[in-house]
Amino acid sequence: KNQAAHLFRQCLRGGVPYEGELRMFDFVDPKAERKIGEEEATLAGKGRPEAPMESIIAWLKDKDLGHSFDLRSAYALMDIDTESDANERAVGEILPFTNVTADFVGLLDYIFFETSEFEQTHRVEVPTSFRTLNGRGEAGGHLLPSDIWPSDHLLLGARFVLKSESVEQASKQEETPEASIPGAGWAIPASNHMPGLPMCACGCVPNIPSLFEMAERRKQARLKAEKEKAKASSLR
């Protein structure tokens, strides 16, 4: 985070344009950084060597900078006023956060896909509120990692099919185990989905064990192997 903030400040000082909310960089003052950049440019004009970072970020100032991909987030909040799929438009994200710690809460994780090549059929539905994360109602129970979410980042997941395949067929092709993670489940994306609304009739989710469950499984497997080895030795 510190390195990313440093690069963002350098871009602001170098005059790189930006749009949208600062989110995880809300502690950065763009106006102050722009002013610092102007002062540094004045000094450079008086003979001071150009900062090495200037040559690195210069390409970001290109007004024609872009790409040919039509990317969309798997957790995009789609325009609910759209009348046809052909005119669907992403207007934000349905997730308010993917990282929740004692000193930071923010949306850091995304799954992007090329809409001209793939059709999204499902996504893993994850908690969108502290209340859902803290199912036991404990003090600090919403913080990650926890005994249910073994990382300080929420698990994101999505299913896609090539557009040459039948989306309806892919949606029904396989069944998943019952949910083992509260607040999570495979959900079929809907253009009018809002956080907190149920999206899957069966409430299913891949049976993903926690770190503690995995450790116990490894322990049991090791004990079993040791017993079999001891039994084989005694028969010799």
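Data block above holds the structure.
Values in this document were obtained by computation on a predicted structure and should not be read as measured data.

Let's talk about the pairing of strand β8 (residues 158-162)
Residues R159 and V161 line the buried face of β8, whereas the alternating positions A158, F160 and L162 sit on a face that is not buried. When strand β7 (residues 118-125) meets β8, the two strands line up antiparallel, connected through five bridges. Bridging across to β8, H122 finds its partner in R159.

Some thoughts on the packing of aromatic side chains
If you walk through the whole model with that rule in mind, you get six aromatic pairs. Ring plane angle 20 degrees and centroid distance 4.8 Å describe the contact between F8 and F25, whose orientation is recorded as stacked. Placement of the pair is F8 in helix α1 (residues 2-13) and F25 in the loop between α1 and α2 (30-45), with a sequence separation of 17 residues. Each member of the pair, F8 together with F25, is buried. Geometrically, the ring pair formed by F97 and F130 is tilted, given 5.5 Å between the ring centres and 35 degrees between the ring planes. In this pair, F97 sits in the loop between β3 (90-93) and β4 (99-100) while F130 sits in helix α4 (residues 130-133), placing the two residues 33 residues apart along the sequence. Take F97: its relative accessible area is 4%, and that puts it in the buried class. The exposure class assigned to F130 is partly exposed, which follows from its relative accessible area of 37%. These aromatic residues form a ring-pair network of at least three members: F8, Y18 and F25.

Things to note about a nonpolar patch on the surface
A grouping of F69, L71, Y110 and F112 is seen on the molecular surface, where their side chains present a nonpolar patch of about 430 Å² in accessible area. Its location among the elements puts Y110 in the loop between β5 (105-106) and β6 (112-114). Take Y110: its relative accessible area is 35%, and that puts it in the partly exposed class.

Remarks on the nonpolar core
Counting 15 residues, the largest nonpolar core has Y75, L95, V126, L133, L144, W149 and L154 as the members making the most contacts within it. Ignoring any residue separated from it by four or fewer positions in sequence, one finds L133 in contact with F97, V100, P127, G141, H142, L144, W149 and L154. Listed in part, the five residues of the second largest apolar core include A5, F8, L12 and F25.

So, the environment of W149
With respect to the helices and strands, W149 occurs in the loop between α4 and β8. You can call W149 buried: its relative accessible area is 5%. It is 8.9 Å that separates the C-alpha atoms of W149 and L133, two residues lying 16 residues apart in sequence.

What counts, and where the lines are drawn
- By convention here, each chain's residues receive numbers from 1 onward along its written sequence.
- Local features in this predicted model are restricted to residues of pLDDT 70 or higher, and side-chain atom pairs are both shown and tallied only at a pLDDT of 80 or more, whereas totals for entire chains, interfaces and linings draw on every residue.
- To get the side-chain values, take all heavy atoms of the structure and skip hydrogens and water.
- A simple rule labels every residue: compare its accessible area, found with a 1.4 Å probe on the protein chains alone, to the largest value its type can have, and call it buried under 20%, exposed over 50%, or partly exposed in between.
- By definition, any uninterrupted DSSP run of H or I lasting at least four residues is a helix, any uninterrupted run of E lasting at least two residues is a strand, and each is numbered from the N terminus.
- Pairs of strands are assigned from DSSP output, requiring at least two bridges between the strands.
- The rule is short: rings of Phe, Tyr and Trp, with Trp giving its six-membered ring, pair when the centres are within 6.5 Å, and they are stacked under 30 degrees, edge-to-face over 60, tilted in between.
- Residues forming no salt bridge and having over 30% relative accessible area are the ones grouped into patches, like charges within 9 Å of each other and nonpolar side chains (Val, Leu, Ile, Met, Phe, Trp, Tyr) within 5 Å.
- All accessibility values rest on the Shrake-Rupley procedure with a 1.4 Å probe; residue burial counts only the protein chains present in the view.
- Whenever Lys or Arg places a side-chain nitrogen within 4 Å of a carboxyl oxygen from Asp or Glu, that contact is recorded as a salt bridge.
- Residues grouped as a nonpolar core are buried Ala, Val, Leu, Ile, Met, Phe, Trp, Tyr and Cys residues, joined through side-chain atoms within 4.5 Å.
- Here a residue-residue contact requires only that any non-hydrogen atoms of the pair lie within 4.5 Å.

From the geometry alone we can't say anything about function, so treat these as descriptive.
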